[in-house]
Amino acid sequence: MDQPPTAAPEGYGPTEPYAPGTPGAYPGDPTSGRGRGALVAVLVVLAVLVVGGGTLWYLRDSGDGSPTPTDAVLPTSPVEPDTATTGPAATTPALASSADPRFVKAGQCVRNEGVVAGKPKLIITECVPKTYEVLRRFDGATSGERDAEAKCGKVEGYTNWYFFDSELDTLDFVLCLKQR
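Residues numbered from 1 in each chain as written. Predicted model: local features only at pLDDT ≥ 70, side-chain atom pairs only at ≥ 80, totals over all residues. Heavy atoms only, no water.

**Regarding helix H2 (residues 145–152)**
For step 1, the next point in the chain: Along H2, the residues that are buried comprise Asp147, Ala148, Lys151 and Cys152. Viewed along the axis of H2, the buried residues span an arc of 120°, placing them on a single side of the element.
For step 2, the next point in the chain: As for H2, its buried residues are in contact with strand E4 (132–139), strand E5 (160–164) and strand E6 (173–179). (Buried < 20%, exposed > 50% of the residue type's maximum accessible area, 1.4 Å probe, protein only. Helix = DSSP H or I, 4+ residues; strand = E, 2+ residues; numbered from the N terminus. Arc of directions from axis to C-beta. Contact = heavy atoms within 4.5 Å.)

Now the structure itself:
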């Protein structure tokens with residue numbers, strides 16, 4: 001009753017356990033695609049992290065809160081007050097508690113402390129020669145240089161303009177200035 005073991009066909013043996021005709025082989029073997037779902041999930045998570053991290057990095061660098069206009073028509077070198085005239089004009093309103101141009105009002109003056117060939121950096125100051133008097137302030141969304149020119153073009157006597165364009169349109173403003 002003992003039968004001698006039959007030899008496996010050539011090429012089939014213990015080294016190929018899933019060869020056709022062996023007990024472990026069947027069509028559509030699920031082990032052939034194993035791990036692809038996990039790999040796709042890991043790649044999607046990495047892509048989301050990279051995009052999210054890049055967005056946060058961009059927002060962190062651009063949202064420092066200080067006004068950085070994209071363009072303005074102002075001298076690029078700092079303007080020093082003229083020492084011949086020492087007092088402010090008689091109609092100068094009181095200075096704001098901050099020197100930040102976001103808080104300047106019509107009738108106040110600003111000066112440019114920007115670096116040569118750099119972006120202008122305005123600060124609120126006393127109205128003395130070689131400063132800029134704010135003739136009109138436009139609050140609300142601005143689209144940039146053309147918008148500032150159009151708004152200030154309607155203001156009599158302006159010589160320069162300055163605009164601040166932030167990601168939040170309610171913080172945008174345009175200043176129509178007259179050099180003193």
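And the narrative resumes.
**Focus on the state of the cysteines**
For step 1, the next point in the chain: Counting across every chain of the model gives two disulfides.
For step 2, the next point in the chain: Cysteine pairing in the protein chain follows 1-2, 3-4, where each cysteine in a disulfide is numbered by its order in the sequence. (Disulfide = S-S within 2.5 Å.)

**Considering the packing of aromatic side chains**
For step 1, the next point in the chain: By the definition in use, this model includes three aromatic pairs.
For step 2, the next point in the chain: For the ring pair Tyr162 and Phe173, a centre distance of 6.1 Å and an interplane angle of 35° mean the geometry is tilted. Of this pair, Tyr162 sits in strand E5 while Phe173 sits in strand E6; the two residues are eleven residues apart in sequence, bridging distant segments of the chain. Considered together, Tyr162 and Phe173 belong to a single accessibility category, that of buried residues.
For step 3, the next point in the chain: With centroids separated by 5.7 Å and ring planes inclined at 35°, the aromatic side chains of Phe164 and Phe173 adopt a geometry described as tilted.
For step 4, the next point in the chain: Here Phe173 falls in the buried class, since its relative accessible area comes to 1%.
For step 5, the next point in the chain: Of the aromatic side chains, those joined through ring pairs into one cluster are Tyr162, Phe164 and Phe173.
For step 6, the next point in the chain: Its guanidinium or amino end placed over the ring of Phe173, Arg137 lies 4.4 Å from that ring's centre, counting from NZ or CZ. (Phe/Tyr/Trp six-rings, centres within 6.5 Å; stacked < 30°, edge-to-face > 60°. Lys NZ or Arg CZ within 6 Å of the ring centre and 35° of its normal.)

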